[in-house]
Amino acid sequence: MDIFETIRIRRSVRDYKSDPIPEEKLRKVLDVMRQAPSAGNRQPWKFIIVKDAKIRQEMVVTCGAQPFLSQAPLVVVACGIEKVAWHGVGGNRSASAVDIDVSIALTYLTLAAAAEGLGTCWVAAFNEACFKRLLKVPEEAKIVSLTPLGYPASPDLFHPLKENARKSFDEVFCNNVYS
Ligand SMILES: Cc1cc2nc3c(=O)[nH]c(=O)nc-3n(C[C@H](O)[C@H](O)[C@H](O)COP(=O)(O)O)c2cc1C
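My aim in this report is to walk through the structure given alongside it, one point at a time.

Definitions and limits used
- Residues numbered from 1 in each chain as written.
- Predicted model: local features only at pLDDT ≥ 70, side-chain atom pairs only at ≥ 80, totals over all residues.
- Heavy atoms only, no water.
- Helix = DSSP H or I, 4+ residues; strand = E, 2+ residues; numbered from the N terminus.
- Rg over C-alpha atoms; globule rule 2.2 N^0.38 Å.
- Contact = heavy atoms within 4.5 Å.
- Areas by Shrake-Rupley, 256 points an atom, 1.4 Å probe, with all protein chains shown as cover.
- Lys, Arg positive; Asp, Glu negative; His and termini not counted.
- Charge placed at Lys NZ, Arg CZ, Asp CG, Glu CD.
- Near = heavy atom within 4 Å.
- Polar contact = N/O pair within 3.5 Å; in protein donor to acceptor, adjacent residues only side chain to side chain.
- Nonpolar A, V, L, I, M, F, W, Y, C, P; charged D, E, K, R; others polar.
- Salt bridge = Lys/Arg side-chain N within 4 Å of Asp/Glu carboxyl O.
- Buried < 20%, exposed > 50% of the residue type's maximum accessible area, 1.4 Å probe, protein only.
- Axes fitted to C-alpha atoms, helices over the stretch in contact; angles between N-to-C directions.
- Parallel < 35°, antiparallel > 145°, perpendicular 65-115°, else oblique.
- Left-handed = near helix turned anticlockwise from the far one by under 90°.

## Considering the overall build of the chain
Each helix and strand counted, the chain has 7 helices and 4 strands in total. Reading the chain from its N terminus to its C terminus gives the helix and strand order α-α-β-α-α-β-α-β-α-β-α. A globule of 179 residues ought to have a C-alpha radius of gyration of about 16 Å, and the chain, at 17 Å, matches this closely. Its C-alpha atoms give the chain principal-axis dimensions of roughly 50 × 45 × 30 Å. Considering only residue pairs separated by 6 or more positions, the chain has 75% of its internal contacts joining residues 24 or more positions apart. Surface exposure of the chain reaches about 10600 Å², of which carbon and sulfur atoms provide 53%. Between the averaged position of the 23 positive side-chain charges in the chain and that of its 20 negative side-chain charges there is a distance of 4 Å.

Written out as structure tokens, the structure reads:
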């Protein structure tokens with residue numbers, strides 16, 4: 001599937017089969033995260049692959065996360081390390097690129113997964129303190145976002161955008177100056 005088609009059909013999947021992902025396929029889609037660009041090539045990240053069913057259940061029951069996290073065979077938790085990241089976004093030396101870098105890597109994953117018939121869904125609504133305790137994430141790292149990864153419960157969950165699901169071209173692009 002070419003990249004334009006992948007982008008066209010990728011949707012957030014919130015209903016999964018519990019079928020495991022073959023190791024080779026899993027490694028192939030995860031490896032794109034490692035190849036993502038990052039400011040100054042600092043790669044200020046660590047990705048936790050949570051397959052353990054008990055931990056995924058605890059994400060939902062103890063931390064109150066959305067139930068589809070325990071439905072998929074695994075969850076990828078994308079962590080950022082502030083002190084490793086490049087600082088200087090927008091000329092501000094205290095502004096780190098950590099969220100940008102980790103988000104690019106996660107975006108790569110969502111697209112590679114879709115190209116391989118696997119669903120993802122960005123999850124930023126989570127209880128960070130609870131997740132950090134559960135996953136033993138050290139103080140110096142933050143959880144930027146996470147996604148389940150697995151086969152969609154139905155192939156229809158990949159589909160082109162519905163009418164009006166996005167702002168129009170003219171609304172989001174302007175020429176030369178902000179208008
Ligand atoms: C940064 C970010 C955070 C998101 N957090 C959640 C979330 O916590 N739970 C959820 O179900 N979807 C979440 N989403 C998915 C969006 O709702 C979804 O991308 C948007 O509605 C567009 O739909 P699509 O991904 O199917 O094209 C998030 C998406 C992004 C980019």
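Now, onward.
## Quick look at the site of the ligand
Residues in contact with the ligand, as listed here, are R10, R11, S12, R14, Q66, F68, C121, W122, V123, A124, A125 and R166. Note that an oxygen atom of the ligand is positioned 2.6 Å from one of the side-chain N or O atoms of S12. One of the backbone N or O atoms of A124 is found 3.1 Å from a nitrogen atom in the ligand. Coverage of the ligand by the protein chains reaches 62% of its 620 Å² of free accessible surface. Of the residues in the shell around the ligand, the class split is 6 nonpolar, 2 polar and 4 charged.

## A short note on the pattern of salt bridges
Scanning the entire structure with this criterion turns up 8 salt bridges. In this structure, R34 engages D31 in a salt bridge whose closest nitrogen and oxygen atoms are separated by 2.6 Å. Placement of the pair is R34 and D31 together in helix α2 (residues 23-34), with a separation of 3 residues, close to one helical turn. Take R34: its relative accessible area is 55%, and that puts it in the exposed class.

## Remarks on the packing of helix α3 (residues 53-61) against helix α6 (residues 128-135)
Each packed pair of helices is defined by two parameters, the angle between the axes and the distance between the axes. Where α3 meets α6, the axes come as close as 10 Å, and the angle between the chain directions of the two elements is 160 degrees. As far as their axial angle goes, α6 and α3 are roughly antiparallel. By crossing handedness, the relation of α3 to α6 is classed as right-handed. On α6, the residues that touch I55, E58 and M59 of α3 are F131, L134 and L135.

## Remarks on the packing of α2 against helix α5 (residues 98-115)
Running from N to C, α2 and α5 point in directions that differ by 155 degrees, and their axes come no closer than 7 Å. One way to sum up the angle between α2 and α5 is to call them roughly antiparallel. Relative to α5, the crossing made by α2 is right-handed. For the pair α2 and α5, the contacting residues are V29, L30, V32 and M33 in the first and A105, L106, Y108, L109, A112 and A113 in the second. Here the residues of the contact of α2 with α5 are counted per class, giving 10 nonpolar, no polar and no charged.

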